[in-house]
Amino acid sequence: MDRQNLTLLTDLYELTMMQGYFKNKDKNETVIFDAFYRANPNGGGYAIAAGLEQVINYIKNLRFAEEDIAYLASLGIFDSEFLDYLQDFRFTGDIYAIPEGTVIFPREPFVKVIAPIMQAQLVETAILTIINHQSLIATKASRVCFAAQGDGIMEFGLRRAQGPDAGIYGARAAMIGGCVATSNVLAGQLFDVPVKGTHAHSWIMSFPDEYTAFKTYADIYPNACILLVDTYDTLKSGVPNAIRVFTEMREAGIPLTSYGIRLDSGDLAYLSKKARKMLDAAGFPDAVISASNDLDEYLIDSLKVQGATITSWGVGTNLITSKDCPSFGGVYKLAAVKGADGSFIPKIKLSENSEKVTNPGNKTIYRIYEKDTGKIKADLICLADEHFDPSEPMKLFDPVEPWKKTRLEGGTYTLRELMVPIFQNGECCYTSPKVMEIRDICQKELNTLWDETRRLVNPHKVYVDLSQKLYDTKIKLLDEMSEK
């Protein structure tokens, strides 16, 4: 976690392939690799790109230290000539990526690496592990926040994360996805994001009685007094004791600026409605009712339907692990090799599963918006040298079922190229926004989705189409491969 040089954060076969390239190919042969995913996580209609800042830091620090080379030598599978080459290894290529916080869809590259083949091969594993994890958690967080309908979501998952790194960078991703705060203090320090928390049941149990525990906590934190009311009996003890403390604070002239209760067990819908009535009757209509206890987007949505009076949610295990969909599924595939004339020769991977057939060539992505609504109409993957005029008509077609076509009239849509340069000739040319700025970007991005795409169950699919030129290139390669 505290190691900046993550060069050996890779699968062994990346290094064995590198040695194979070193021995049998031109190690400076330039290639293009695309990182993309094939299916939206959580059964949703979209994903959120996250993790690019950590990829940038990884690339900047990419070098083999003496102890790294000594370790590789100890494995007995690498030649001394190859190990000598690694001593001066640096990334010298180009990287393009979709910025963090952007809504993304299956099959479109979220990272494109253009580099000498040995360099492009080495960075595969690290890019995938970083972006797969953070994009997964950011996507899950956005779904949880959507279910909460504007209520604040606090990320509370550190103790249930799969280790410190997952807890730290998961908290970062959750903030990008829309959470208002995290309980993770180190994440707060590292990424300058809000941290929040109350107290545990052990605080109350350590005092002679519940009232004394509440009173002591309120004396220490009068401006952030959220009391956990379910240690003994929520409605008979917890809520009445909280009301007693709030009454004493008000009578003492202490401003009640941020106060309320937290529920962590039981029937949250029933308890919250009963607690709301008790708080209102006692003269505390603005007291917050927050809740935790194995929440996810489906349970929050259900509680909303049941009329729960909860307005603040602490979500832990199911968010930080994306429990119902614990992996993102991003892959990294060769798309092109530079020929002797300097042009890129497209490459394609075949499969009996049509979803696994790759899109060849040097590509970019245009997002197409309805001009009147600003909503996403479709994404168009095309070759990097293609350009389109939004004042002209555009014909879109499904690349899997090409007879399905849509015609956009000129002037009715706008275009935005999604991929931006991150590294040029090995030098970083991109400055990552702060996490809270990325969070704002993400909220704007989510607002470009139709509600039908954001719904939790059976969402509407956003079409990701291919340009005619890219489609023709793909079909030509498929025909050539079938004739061999």
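Please refer to the structure placed before this passage.
Scope of this entry: the structure provided in the associated data block. From a predicted model like this one, the values you see are computed outputs, not experimental measurements.

Remarks on the packing of helix H6 (residues 124-147) against helix H13 (residues 297-305)
Two numbers describe how H6 lies on H13: the axes approach to 8 Å, and their chain directions differ by 5°. Put simply, H6 runs roughly parallel to H13. Contacts from Lys140, Arg143, Val144 and Ala147 in H6 reach Glu297, Tyr298, Ile300, Asp301 and Lys304 in H13.

Some words on helix H15 (residues 435-446)
Its twelve residues place the ends of H15 16 Å apart at the C-alpha level, agreeing with the 16 Å of an ideal helix rising 1.5 Å per residue. Among the residues of H15, those classed as buried are Val435, Ile438, Arg439, Cys442, Glu445 and Leu446. Mapping the buried residues of H15 onto a view down its axis gives an arc of 120°, with all of them on the same face.

With respect to the pattern of salt bridges
Counted according to the given criterion, the structure contains 23 salt bridges. Note that Glu355 is salt-bridged to Arg107, the shortest N-O span being 3.3 Å. Placement of Glu355 in the loop between strand S13 (344-346) and strand S14 (363-370) and of Arg107 in the loop between strand S4 (103-104) and strand S5 (111-116) is noted, with a sequence separation of 248 residues between them. Since its relative accessible area comes to 32%, Glu355 is described here as partly exposed.

Considerations on the sheet that holds strand S11 (residues 312-315)
Taken together, six strands build an open sheet; the order of strands is S7-S6-S11-S10-S9-S8 and the sheet is parallel. Bordering the open sheet on either side are strand S7 (181-182) and strand S8 (225-228), each of which pairs with just one other strand. The pairing of strand S6 (residues 152-155) with S7 spans two bridges and is parallel. Residue Glu155 lies in a different strand from S7, and its bridge partner there is Thr182.

Rules used in this analysis
Residues numbered from 1 in each chain as written. Predicted model: local features only at pLDDT ≥ 70, side-chain atom pairs only at ≥ 80, totals over all residues. Heavy atoms only, no water. Axes fitted to C-alpha atoms, helices over the stretch in contact; angles between N-to-C directions. Helix = DSSP H or I, 4+ residues; strand = E, 2+ residues; numbered from the N terminus. Parallel < 35°, antiparallel > 145°, perpendicular 65-115°, else oblique. Contact = heavy atoms within 4.5 Å. Expected span 1.5 Å × (residues − 1). Buried < 20%, exposed > 50% of the residue type's maximum accessible area, 1.4 Å probe, protein only. Arc of directions from axis to C-beta. Salt bridge = Lys/Arg side-chain N within 4 Å of Asp/Glu carboxyl O. Pairing = 2+ DSSP bridges.

No statement about biological role is implied by the geometric values presented.
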